[in-house]
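The lines below spell out each chain.
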Amino acid sequence: MSKLKIAIQKSGRLYEESLQLLKDCGISVNNGKDQLKVSVENFPMEIMYLRNSDIPQYLEDGVVDVAIVGENLLAEKNKEIVIVQQLGFSKCRVSLAVPKDIETDNIQYFQGKKIATSYPNTLKKFLSKNNIEADIHVISGSVEIAPNIGLADGICDIVSSGSTLFKNGLRETLTILKSEAVLAKTSQLSFEKENILEKLLFRIKAVLKAKNSKYILMNVPNEKITDISNVLPVLKSPTVIPLAEAGWSSIHSVIDEERFWDVIDELRENGAQDILIIPIDKMVI
Ligand SMILES: Nc1ncnc2c1ncn2[C@@H]1O[C@H](COP(=O)(O)OP(=O)(O)OP(=O)(O)O)[C@@H](O)[C@H]1O
Ligand SMILES: O=P(O)(O)OC[C@H]1O[C@H](OP(=O)(O)OP(=O)(O)O)[C@H](O)[C@@H]1O
Ligand SMILES: [Mg+2]
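Parameters and conventions
Residues numbered from 1 in each chain as written. Chains lettered and ligands numbered in written order. Predicted model: local features only at pLDDT ≥ 70, side-chain atom pairs only at ≥ 80, totals over all residues. Heavy atoms only, no water. UniProt positions renumbered as here; feature names shortened; annotations may be inferred. Helix = DSSP H or I, 4+ residues; strand = E, 2+ residues; numbered from the N terminus. Buried < 20%, exposed > 50% of the residue type's maximum accessible area, 1.4 Å probe, protein only. Contact = heavy atoms within 4.5 Å. Arc of directions from axis to C-beta. Patch = residues over 30% accessible without salt bridge, like charges linked within 9 Å, V, L, I, M, F, W, Y side chains within 5 Å. Areas by Shrake-Rupley, 256 points an atom, 1.4 Å probe, with all protein chains shown as cover. Salt bridge = Lys/Arg side-chain N within 4 Å of Asp/Glu carboxyl O. Lys, Arg positive; Asp, Glu negative; His and termini not counted. Charge placed at Lys NZ, Arg CZ, Asp CG, Glu CD. Pairing = 2+ DSSP bridges. Axes fitted to C-alpha atoms, helices over the stretch in contact; angles between N-to-C directions. Right-handed = clockwise from strand over helix to strand, strands pointing away. Near = heavy atom within 4 Å. Polar contact = N/O pair within 3.5 Å; in protein donor to acceptor, adjacent residues only side chain to side chain. 1 Å grid on protein atoms, 1.4 Å probe; cavity = no way out; pocket = protein on both sides within 12 Å on 5 of 7 lines; lining within 4 Å. Sits in = over half its atoms within 2 Å of the grid points.

Going by the annotation in an unreviewed UniProt entry, the name recorded for the protein chain is ATP phosphoribosyltransferase, with Chryseobacterium edaphi given as the source organism. As its UniProt record puts it under Function (unreviewed entry), the protein chain is described as follows: "Catalyzes the condensation of ATP and 5-phosphoribose 1-diphosphate to form N'-(5'-phosphoribosyl)-ATP (PR-ATP). Has a crucial role in the pathway because the rate of histidine biosynthesis seems to be controlled primarily by regulation of HisG enzymatic activity."

This is the structure in structure tokens:
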């Protein structure tokens, strides 16, 4: 029987959440120490631990079938790879930055300048789209140090919280692209493997949907049930259960994580009491 070969990062920014996602999908991973290839007992899958930067090539060659990788890296390597699902973690951006005493955010600043980066293709594409000619200096890490040691006038690198830029006296000026972890696949997957991928994707979607939603329940006077139901963004219609105390009901529903503070204010204004918000483990709709 076929097994889907999935690559995840061996160590680094993507490792923990990639592994956690697979575990949340019910895939039991028995990590042997320093084992780079692990088989899974309860799902037709084999896991390979690889360097993030090597993954696009392995995907293009079909050495691995699918992988969890940074979207920015796929943009940089520009290979024949299909993004199957955005995963919502390791969010960052690839940006240009300059020493903090340079006041302009104008891209013209970079005309004829030297820029250090680990993402030369992304940078080249962006500069040529904006008719800027610059001298690109490729380094593989610690890019933020380059202006301080006289290696470059600016940098192009990953920014997340911005603290690395700040600590190195730099300032973000222009964002080139936004990135998050994605599930990507090789362009030549067999029918059998596509089926396994479908099953995996079904589970991933249930996990992601649950992560972004909360179960909400509250007590409501019966005459307010309609008002409250109109406020709640529901899947179908809310569940209404009578309480032992006459004239009161308990309303249950699901709301988006992002919206719940706004909704809670409206619910209270409409007479809801004893509001509970509970995390959801999986959500299949
Ligand atoms: N500070 C950050 N915050 C959030 N996401 C990040 C951050 N830095 C990197 N990433 C994302 O995580 C991915 C992996 O980054 P990481 O630094 O762990 O590995 P790497 O240096 O690209 O690779 P390798 O595994 O080849 O050593 C990046 O491609 C990017 O998408
Ligand atoms: O905006 P921040 O939250 O400070 O994050 C940005 C930093 O994170 C990444 O480096 P990482 O720590 O992964 O080290 P690396 O260069 O060794 O990959 C990236 O290359 C930046 O240097
Ligand atoms: Mg890094």
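Chemist: Help me understand the environment of Val38 in this model?
Modeler: Following the sequence through the fold, Val38 ends up in strand β2 (residues 37-39). For Val38, a relative accessible area of 2% translates into the label buried. For the pair Val38 and Leu22, spaced 16 residues apart in sequence, the C-alpha separation works out to 13 Å. Ignoring sequence-local partners within four residues, the contact set of Val38 consists of Val29, Asn30, Asn31, Glu46, Ile47 and Tyr49.

Chemist: Looking at this model, I keep getting lost on the UniProt feature "domain: ATP phosphoribosyltransferase catalytic" (unreviewed entry) in the protein chain. Mind explaining?
Modeler: With numbering matched to this structure, UniProt assigns "domain: ATP phosphoribosyltransferase catalytic" (unreviewed entry) to residues 51-205. The distance from the first to the last C-alpha atom of residues 51-205 is 25 Å, and the span holds 28% helix and 32% strand.

Chemist: Could you clarify how one ought to interpret helix α8 (residues 260-269) in this entry?
Modeler: Two residues of an α-helix separated by three or four positions point the same way, owing to the 3.6 residues in each turn. Listed in full, the buried residues belonging to α8 are Phe260, Val263, Ile264 and Leu267. Seen from one end, α8 has its buried residues packed into an arc of 105°, which puts them on one side. Of the exposed residues in α8, those oriented more than 90 degrees away from the buried face are Trp261 and Glu269. Against β12 (213-221), α7 (225-231), β14 (248-256) and β15 (273-279) lie the buried residues of α8.

Chemist: Is there a simple way to explain a negative patch on the surface in this structure?
Modeler: A cluster of acidic residues, Asp262, Asp265, Glu266 and Glu269, forms a negative patch at the surface. As for its placement among the helices and strands, Asp262 is situated in helix α8.

Chemist: What's the story with the sheet that holds strand β9 (residues 154-159) in this structure? I'm lost.
Modeler: Strands belonging to one sheet form pairs held by backbone hydrogen bonds; the direction of such a pair is parallel or antiparallel. If you trace the five strands from one edge of the open sheet to the other, you get β8-β7-β9-β6-β10, paired in mixed fashion. Strands at the two margins of the open sheet, each flanked by one partner only, are β8 (135-138) and β10 (170-179). Taken pair by pair, the neighbouring strands of this sheet meet at an average axis angle of 25°, ignoring direction. Taken together, the eight bridges between strand β6 (residues 92-99) and β10 define a ladder with antiparallel strand orientation. Looking at the pairing, Ser95 lines up with Thr175 of β10.

Chemist: In this structure, what is going on with the pairing of strand β7 (residues 114-117)? I would like to understand it.
Modeler: Successive side chains on a regular strand alternate, one facing one side of the sheet and the next facing the other. Here β7 pairs with β8 via four bridges, running parallel. Paired with Thr117 across the bridge in β8 is Val138. Of the crossover connections in this fold, the one passing from β7 over helix α4 (residues 120-129) to the parallel β8 is right-handed. With three bridges connecting them, β7 and β9 associate as parallel partners. Its bridge partner lying in β9, Ala116 is registered against Ile155.

Chemist: Would you mind going over the site of ligand 2 with me for this structure?
Modeler: Lining the immediate environment of ligand 2, one finds Arg13, Glu144, Asp157, Ile158, Val159, Ser160, Ser161, Gly162, Ser163 and Thr164. Take Glu144: an N or O atom from its side chain is 2.6 Å from an oxygen atom of ligand 2. With respect to the pocket detection grid, ligand 2 is positioned in the largest pocket. Residue contributions to the shell around ligand 2 peak at three residues, all from β9.

Chemist: Would you explain unusual backbone geometry in this entry?
Modeler: Glycine aside, a negative phi is what most residues show, and trans is what most peptide bonds show. The phi dihedral of Asn78 falls on the positive side, at around 50°, and the residue is not glycine. Classification of Asn78 by relative accessible area gives exposed; the value is 68%. Not every positive phi belongs to a glycine, and Asn131 is a case in point at roughly 55°. Relative to the helices and strands, Asn131 resides in the loop between α4 and β8. Assessed through its relative accessible area of 64%, Asn131 is described here as exposed.

Chemist: I tried to follow the pattern of salt bridges on my own but got confused; where do I start?
Modeler: If charged atoms from side chains of opposite charge come close, those side chains can pair. A full pass over the atoms with the stated rule returns six salt bridges. Taking the shortest distance from any N to any O, the salt bridge between Arg93 and Glu172 comes out at 2.8 Å. Here Arg93, found in strand β6, pairs with Glu172, found in strand β10; they are 79 residues apart in sequence, far enough to count as distant. A residue is classified by how much of its surface remains accessible, and Arg93, at 23% relative accessible area, is partly exposed. By relative accessible area, which is 26% here, Glu172 ends up partly exposed. The residue Glu257 makes a salt bridge to Lys214 at a minimum N-O spacing of 3.4 Å.

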